Amino acid sequence: MRSPRDEVSHDEWGDVRSRIHLDPTRFEVDALRGLEAFSHLEVVFVFDRIPVDRIEVGSLHPRGRVELPKVGIFATRQKERTNRLGVSRCRLLAIEELVLHVADLDVLDGTPVVDVKPWVARLGPRGPVREPRWITELMADYYEPR
């Protein structure tokens with residue numbers, strides 16, 4: 001993963017341009033055949049910079065904001081996850097050989113990518129989506145500043 005951002009930041013990921021480099025010792029260019037037909041990707045990655053002693057197995061205030069309710073780690077998308085795996089969606093801009101050019105991917109420079117999948121709308125949520133008010137407030141500036 002190559003990104004212009006190498007420090008943790010919770011907001012303003014919109015239009016951040018990054019590149020996912022596939023390992024040429026493991027993959028052929030043919031592995032990406034047909035991916036260009038998709039507008040978005042789902043990326044699975046490792047939160048490799050989280051020390052073991054910071055992994056959360058209980059509950060916390062999201063982003064350490066004590067004015068928000070304390071919730072279990074599985075009710076958040078925090079990086080201090082027990083398995084250290086993150087999932088994010090991004091726009092696919094271009095493909096060059098084994099390099100995927102993407103935008104809006106909230107992943108730091110050098111982060112190990114585990115898998116890349118095309119985003120398929122039919123596999124997205126079915127029915128109305130329900131979220132607590134605190135998550136709407138917390139994520140207000142995630143892609144765009146207010």
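The rules behind each value
Residues numbered from 1 in each chain as written. Predicted model: local features only at pLDDT ≥ 70, side-chain atom pairs only at ≥ 80, totals over all residues. Heavy atoms only, no water. Helix = DSSP H or I, 4+ residues; strand = E, 2+ residues; numbered from the N terminus. Buried < 20%, exposed > 50% of the residue type's maximum accessible area, 1.4 Å probe, protein only. Contact = heavy atoms within 4.5 Å. Areas by Shrake-Rupley, 256 points an atom, 1.4 Å probe, with all protein chains shown as cover. Lys, Arg positive; Asp, Glu negative; His and termini not counted. Charge placed at Lys NZ, Arg CZ, Asp CG, Glu CD. Polar contact = N/O pair within 3.5 Å; in protein donor to acceptor, adjacent residues only side chain to side chain. Pairing = 2+ DSSP bridges. Axes fitted to C-alpha atoms, helices over the stretch in contact; angles between N-to-C directions. Phe/Tyr/Trp six-rings, centres within 6.5 Å; stacked < 30°, edge-to-face > 60°. 1 Å grid on protein atoms, 1.4 Å probe; cavity = no way out; pocket = protein on both sides within 12 Å on 5 of 7 lines; lining within 4 Å. Points joined across faces, edges and corners; volume = space filled by probe spheres on them. Salt bridge = Lys/Arg side-chain N within 4 Å of Asp/Glu carboxyl O.

**Some thoughts on the overall build of the protein**
Thinking step 1. When its secondary structure is counted, the protein shows one helix and seven strands.
Thinking step 2. Secondary structure elements of the protein, listed N to C terminal, follow the sequence β-β-β-β-β-β-β-α.
Thinking step 3. When its C-alpha atoms are laid out on the principal axes, the protein stretches across 50 × 35 × 25 Å.
Thinking step 4. By the burial criterion, 33% of the 146 residues in the protein qualify as buried.
Thinking step 5. Put simply, of all contacts in the protein between residues at least 6 apart along the chain, 73% involve residues at least 24 apart.
Thinking step 6. When the accessible area of the protein is evaluated, it comes to approximately 9,700 Å², of which 51% is carbon and sulfur surface.
Thinking step 7. Side chains of the protein carry 23 positive and 25 negative charges; the gap between the two charge centres is 6 Å.

**Comments concerning the side chain of S88**
Thinking step 1. By secondary structure assignment, the location of S88 is in strand β5 (residues 85-96).
Thinking step 2. Side-chain polar atoms of S88 contact the side chain of D106, separated by 2.4 Å.
Thinking step 3. With residues up to four places along the chain from it excluded, the contact list for S88 reads L41, E42, V43, F45, L105 and D106.

**Some words on the sheet that holds β5**
Thinking step 1. Spatially, the five strands line up as an open sheet ordered β1-β6-β5-β2-β7, and their pairing is antiparallel. Strands at the two margins of the open sheet, each flanked by one partner only, are β1 (17-21) and β7 (113-118). With direction set aside, neighbouring strand axes in the sheet form an average angle of 40 degrees.
Thinking step 2. In the sheet, β1 pairs with strand β6 (residues 99-103) via five bridges, with the strands oriented antiparallel. Looking across to β6, one finds that S18 is bridged to V102.

**Comments concerning the packing of aromatic side chains**
Thinking step 1. Taken as a whole and judged by the stated rule, the model has one aromatic pair.
Thinking step 2. Ring geometry for F45 against F47: centres 5.1 Å apart, planes inclined by 80 degrees, an arrangement best described as edge-to-face.
Thinking step 3. In this structure F45 comes out as buried when scored by relative accessible area, which is 4%.

**Brief notes about the layout of surface pockets**
Thinking step 1. Considering only enclosed or pocket space, the second largest pocket measures out at about 390 Å³ in volume.
Thinking step 2. In terms of lining, the second largest pocket is formed by 19 residues, of which the most central are L22, F27, V113, V114 and V116.
Thinking step 3. If you tally residues by element for the lining of the second largest pocket, the top one is β7, at six residues.

**Quick look at the environment of E28**
Thinking step 1. Along the polypeptide, E28 turns up in the loop between β1 and β2 (40-46).
Thinking step 2. Taking the relative accessible area as the measure of exposure, E28 reaches 61% and is therefore exposed.

**Examining the pattern of salt bridges**
Thinking step 1. The full count for this structure, using the stated rule, is nine salt bridges.
Thinking step 2. E137 serves as the salt-bridge partner of R65, at 2.9 Å between the closest nitrogen and oxygen. In this pair, R65 is assigned in the loop between β3 (59-60) and β4 (71-72) and E137 in helix α1 (residues 133-138), connecting sequence segments 72 residues apart.
Thinking step 3. Take R65: its relative accessible area is 25%, and that puts it in the partly exposed class.
Thinking step 4. Look at the salt bridges and you will find they share partners, linking R54, K79 and E80 into a network.

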